[in-house]
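# Examination of the molecular architecture
If you want the building blocks of each chain, they are given just below.
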Amino acid sequence: LMVAINQQASIHDPLLKARAFWVNLLCDEHDSELLAFSGKLKGPERFLHGSWSDQNDIPRLIGAQANIFCQIAQAIPFGTHTIVIG
């Protein structure tokens with residue numbers, strides 16, 4: 001699974017340091033979480049929306065349609081983003 005993370009995003013450095021991440025596939029009822037993570041809120045404030053579990057010390061959204069755990073296989077800087085392959 002590949003994600004592209006803006007190098008200025010608050011999650012960028014913690015994600016690379018953790019060497020793993022969750023991809024949470026949202027349901028229709030996750031509008032609050034979608035807005036919180038779309039850039040309107042920053043850092044820990046975003047996690048006040050929804051129910052979260054720290055699995056492997058990485059936040060996972062409880063009640064998501066699906067949760068996919070990825071260990072980082074490679075991180076490639078590209079322009080303003082880092083391509084992260086899990």
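Analysis parameters
- Residues numbered from 1 in each chain as written.
- Predicted model: local features only at pLDDT ≥ 70, side-chain atom pairs only at ≥ 80, totals over all residues.
- Heavy atoms only, no water.
- Core = buried A, V, L, I, M, F, W, Y, C linked by side-chain atoms within 4.5 Å.
- Buried < 20%, exposed > 50% of the residue type's maximum accessible area, 1.4 Å probe, protein only.
- Contact = heavy atoms within 4.5 Å.
- Helix = DSSP H or I, 4+ residues; strand = E, 2+ residues; numbered from the N terminus.
- Pairing = 2+ DSSP bridges.
- Axes fitted to C-alpha atoms, helices over the stretch in contact; angles between N-to-C directions.
- Phe/Tyr/Trp six-rings, centres within 6.5 Å; stacked < 30°, edge-to-face > 60°.
- Lys NZ or Arg CZ within 6 Å of the ring centre and 35° of its normal.

This next bit is on the nonpolar core. Core analysis: the largest hydrophobic core is formed by 7 residues, namely Ile5, Leu15, Phe21, Val23, Cys70, Ile72 and Val84. The residues contacting Ile72, other than those within four sequence positions of it, are Leu15, Leu16, Arg19, Ala20, Phe21, Val84, Ile85 and Gly86.

Okay, unusual backbone geometry next. Unusually for a residue other than glycine, Arg19 sits at a positive phi of about 65°. Relative to the assigned elements, Arg19 resides in the loop between helix H1 (12–18) and strand E2 (20–25). Accessibility expressed as a relative area gives 42% for Arg19, which makes it partly exposed.

Across a sheet, paired strands are connected by hydrogen bonds in the backbone, their directions being either parallel or antiparallel. Strand order in the open sheet formed by 3 strands is E1-E7-E6, and the pairing between neighbours is antiparallel. Of all strands in the sheet, those bounded by a partner on one side alone are strand E1 (2–6) and strand E6 (74–78). Ignoring strand direction, the axes of neighbouring strands in this sheet form an average angle of 25°. Bridging between E6 and strand E7 (residues 81–85) involves 5 bridges; their strand directions are antiparallel. Residue Phe78 lies in a different strand from E7, and its bridge partner there is His81.

Taken as a whole and assessed by the stated rule, the structure comprises 4 aromatic pairs. Following the ring pairs from residue to residue traces out a cluster consisting of Phe37, Phe47 and Trp52. The ring of Trp22 carries Arg60 above its face, with NZ or CZ at 5.9 Å from the centroid.

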